[in-house]
Amino acid sequence: MKKVYKACRICKRLTLDDVCPVHGDEKTREDWFGFLIINDTNSIITKKADIKEPGIYAIKVRS
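These numbers come from a predicted model, not from an experiment.

**Student:** How should the side chain of Arg13 be read in this particular structure?
**Tutor:** Within the fold, Arg13 resides in the loop between strand E1 (6-8) and strand E2 (14-15). A relative accessible area of 14% means that Arg13 is categorised as buried. For Arg13, the residues in contact, after removing those within four places along its chain, are Lys6, Ala7, Cys8, Pro21, Val22, Glu53, Pro54, Gly55, Ile56 and Tyr57.

Written out as structure tokens, the structure reads:
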């Protein structure tokens, strides 16, 4: 079976779950575009994207 990543509309974190692991109640969506893999939270990219934790994040999540 193919793994499909889904993104939280609020924090844009990518996950395989149907709900966001951070926001709990927020359902995730399959309609997202591009992604960032964040290892260092002190980089310029994380500051511009307002990302505070390492992980995989979508660039854009469509509602």
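What follows continues from the structure just given.
**Student:** Looking at this structure, how should I read the sheet that holds E1?
**Tutor:** Strands in a sheet are paired, the pairing made by backbone hydrogen bonds, and the direction either parallel or antiparallel. Reading across the sheet, the three strands line up as E2-E1-E3 and stay open at both edges, with antiparallel pairing between neighbours. Of all the strands in the sheet, just E2 and strand E3 (28-29) have a single pairing partner and so form its edges. The pairing of E1 with E3 spans two bridges and is antiparallel. Bridge pairing links Ala7 to Arg29 in E3.

**Student:** Help me understand unusual backbone geometry, please; the structure alone is not making it clear to me.
**Tutor:** If a residue is not glycine, its phi is most likely negative; likewise, a peptide bond is most likely trans. The phi torsion at Lys12 lies on the positive side, around 65 degrees, for a residue other than glycine. Located in the positive-phi region is Asp50, a residue other than glycine, with phi close to 60 degrees.

**Student:** Can you walk me through the environment of Asn39 in this structure?
**Tutor:** When you line up the elements, Asn39 lands in the loop between strand E4 (32-38) and helix H1 (44-49). The exposure class assigned to Asn39 is exposed, which follows from its relative accessible area of 68%. Linking Asn39 and Gly55, residues 16 residues apart in sequence, is a C-alpha distance of 6.8 Å.

**Student:** Mind showing me how you'd approach the environment of Val61 here?
**Tutor:** Relative to the assigned elements, Val61 resides in strand E5 (residues 55-61). For Val61 and Ser43, which are 18 residues apart along the polypeptide, the C-alpha to C-alpha distance reads 22 Å. With residues near it in sequence (within four places) discarded, Val61 still touches Ala7, Cys8, Arg9, Lys12, Arg29, Asp31 and Trp32.

Rules and cut-offs
Residues numbered from 1 in each chain as written. Predicted model: local features only at pLDDT ≥ 70, side-chain atom pairs only at ≥ 80, totals over all residues. Heavy atoms only, no water. Helix = DSSP H or I, 4+ residues; strand = E, 2+ residues; numbered from the N terminus. Buried < 20%, exposed > 50% of the residue type's maximum accessible area, 1.4 Å probe, protein only. Contact = heavy atoms within 4.5 Å. Pairing = 2+ DSSP bridges.

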